[in-house]
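Each chain, written out:
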Amino acid sequence: MNDIIDKKKLPTHIAITMDGNGRWAKEKGKNRIFGHNQGIKAVKDTIEGAIEYGVKFLTLFAFSTENWKRPKNEVDALMKLLISSIHNETKTLLKNNIKLKTIGNTMQLPKKCQNELSECIRLTKNNTGMTLILALSYSGKWEILNAVKMILENYSNENEISESIFEQYLSTKSVPDPELLIRTSGEKRISNFMLWQIAYSELYFTKKKWPDFRREDLKEAIIDYQKRERRFGKT
Ligand code: IPE
Ligand code: IPE
Ligand code: MG
């Protein structure tokens, strides 16, 4: 692919649903957990690519509310992988001036995982480069319902509640909506991801399964996005 990214039309925020680890492993005669482990290479290369291309916010959908319903051995393996990856990659985040943030009901994560995350968030909080947002135990419906509950506690007059007030109660407050949402593995669905924030996002689906995704694939998605005309309801 010889096309180049137009720096003036760069999406500020790209969100990715990293799907297909299990099927990728199955194709190779391995177990699903092997696929998750291999997915880490894709995560690292995609983050480096995002920095190289000048993306300001990158959100990775790593674990959904619904994913808790998977077999215990798979959930445990994913949590272990999360703990070790955060632990090992904190220095890389610091070196690359990346700020870590999470969205989702992280209180549901194992204590050890919560501790690694808070430590990494604390250490990277003053970084000024890209913001990396991990969606963990996240679902769009959970987030919206949570916002409604907090708003009910804080407002008695419905006329005071506007879209911008509502957004203050979402976990993405102070993060711009993603202009581009990518999903790997050929599935064309949202699966409860960022339901409010993707109202006007451009959607990009690739058949590539997550462990095979690399910065060149991110580049291809950005170039595809740049060819589109975004109308926002106007003519
Ligand atoms: C994505 O890959 C990783 C998570 C959802 C945690 P999957 O595990 O969903 O892989 P497939 O979709 O079953 O192939
Ligand atoms: C979406 O993938 C969640 C993540 C990638 C973390 P799933 O594999 O859980 O979604 P469905 O079940 O195919 O819709
Ligand atoms: Mg899947």
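Above this text is the structure in question.
Here the structure is a predicted model, which means the values were calculated and not measured.

**A look at the packing of helix 3 (residues 72–95) against helix 4 (residues 111–124)**
Look at helix 3 against helix 4: their axes get within 9 Å of each other, and the N-to-C directions meet at 10 degrees. Here helix 3 lies roughly parallel to helix 4, going by the angle between them. Across the interface between the two elements, Leu82, Ile83, Ile86, His87, Thr90, Leu93 and Leu94 from helix 3 touch Lys112, Cys113, Glu116, Leu117, Cys120, Leu123 and Thr124 from helix 4. Taken together, the residues of the contact of helix 3 with helix 4 sort by class into nine nonpolar, three polar and two charged.

**What about the pattern of salt bridges?**
For the coordinates displayed, the defined rule picks out 20 salt bridges. A salt bridge links aspartate 6 to lysine 8, with the shortest nitrogen-to-oxygen separation between them at 3.8 Å. Across the salt bridge formed by glutamate 74 and arginine 32, the nearest N and O atoms sit 2.8 Å from each other. Of the two residues, glutamate 74 sits in helix 3 while arginine 32 sits in helix 2 (residues 32–53), which places them 42 residues apart along the sequence. When salt bridges with common partners are traced through the structure, they connect Asp19, Arg23, Arg183, Glu187 and Arg189 into a single cluster.

**Comments concerning helix 7 (residues 215–226)**
Across its twelve residues, helix 7 extends 16 Å between first and last C-alpha, which sits within 8% of the 16 Å expected from 1.5 Å per residue. Among the residues of helix 7, those classed as buried are Arg215, Asp217, Leu218, Ala221, Ile222, Ile223, Tyr225 and Gln226.

**Description of the site of ligand 2**
Close contacts around ligand 2 come from Thr17, Met18, Asp19, Phe61, Ala62, Phe63, Asn67, Arg70, Arg183, Arg189 and Ser191, and that covers them all. Between ligand 2 and aspartate 19 there is a distance of 3.2 Å, counted from an oxygen atom to a side-chain nitrogen or oxygen. In the environment of ligand 2, an oxygen atom lies 3.3 Å from a nitrogen or oxygen atom belonging to the side chain of arginine 183. Relative to its unbound accessible area of 390 Å², ligand 2 is 78% covered by the protein chains. Taken together, the residues of the shell around ligand 2 break down into four nonpolar, three polar and four charged.

**Side note on the site of ligand 1**
Taken together, 13 residues are adjacent to ligand 1, and Asp19, Gly22, Arg23, Arg32 and Arg70 come closest. Residue aspartate 19 places a side-chain N or O atom 2.8 Å away from an oxygen atom belonging to ligand 1. Coverage of ligand 1 by the protein amounts to 87% of the 370 Å² it exposes when considered alone. Of all the elements in the fold, those that place two or more residues in the shell around ligand 1 are helix 1 (21–27), helix 2 and helix 3.

**Here we look at the pairing of strand 2 (residues 57–64)**
The side chains of a regular strand alternate between both faces of the sheet. Burial runs high along strand 2: seven of the eight residues are buried. Bridge count for strand 1 (residues 13–17) against strand 2 is five bridges, and the pairing is parallel. Paired with histidine 13 across the two strands is phenylalanine 57, which belongs to strand 2. Alignment of strand 2 against strand 4 (residues 131–138), held across seven bridges, turns out to be parallel. Paired with leucine 58 across the bridge in strand 4 is leucine 132.

**Comments concerning the packing of aromatic side chains**
Both the distance between ring centres and the angle between the ring planes are used here to describe each pair of aromatic rings. Under the counting rule described, the total for this entry stands at nine aromatic pairs. Between the aromatic rings of tyrosine 155 and tyrosine 169, the centroid separation amounts to 6.3 Å while the plane-to-plane angle is 80 degrees, which identifies the pairing as edge-to-face. Placement of tyrosine 155 in the loop between helix 5 (140–154) and helix 6 (163–168) and of tyrosine 169 in the loop between helix 6 and strand 5 (180–183) is noted, with a sequence separation of 14 residues between them. Judged by centre distance (4.5 Å) and plane angle (25 degrees), the rings of phenylalanine 166 and tryptophan 196 are stacked. Residue phenylalanine 166 is found in helix 6, and its partner tryptophan 196 is found in the loop between strand 5 and strand 6 (202–205); the two are separated by 30 residues along the sequence. Phenylalanine 166 sits in the buried class, given a relative accessible area of 12%. Tryptophan 196 sits in the partly exposed class, given a relative accessible area of 25%. Taken together through their ring pairs, the aromatic side chains of Phe61, Tyr138 and Phe193 make up a single cluster. Above the plane of the ring of tryptophan 24 lies lysine 28, whose end atom (NZ or CZ) is 4.4 Å from the centre. The ring of phenylalanine 34 carries the charged tip of lysine 30 above its face, separated from the ring centre by 5.0 Å.

Parameters at a glance
- Residues numbered from 1 in each chain as written.
- Chains lettered and ligands numbered in written order.
- Predicted model: local features only at pLDDT ≥ 70, side-chain atom pairs only at ≥ 80, totals over all residues.
- Heavy atoms only, no water.
- Axes fitted to C-alpha atoms, helices over the stretch in contact; angles between N-to-C directions.
- Helix = DSSP H or I, 4+ residues; strand = E, 2+ residues; numbered from the N terminus.
- Parallel < 35°, antiparallel > 145°, perpendicular 65-115°, else oblique.
- Contact = heavy atoms within 4.5 Å.
- Nonpolar A, V, L, I, M, F, W, Y, C, P; charged D, E, K, R; others polar.
- Salt bridge = Lys/Arg side-chain N within 4 Å of Asp/Glu carboxyl O.
- Expected span 1.5 Å × (residues − 1).
- Buried < 20%, exposed > 50% of the residue type's maximum accessible area, 1.4 Å probe, protein only.
- Near = heavy atom within 4 Å.
- Polar contact = N/O pair within 3.5 Å; in protein donor to acceptor, adjacent residues only side chain to side chain.
- Areas by Shrake-Rupley, 256 points an atom, 1.4 Å probe, with all protein chains shown as cover.
- Pairing = 2+ DSSP bridges.
- Phe/Tyr/Trp six-rings, centres within 6.5 Å; stacked < 30°, edge-to-face > 60°.
- Lys NZ or Arg CZ within 6 Å of the ring centre and 35° of its normal.

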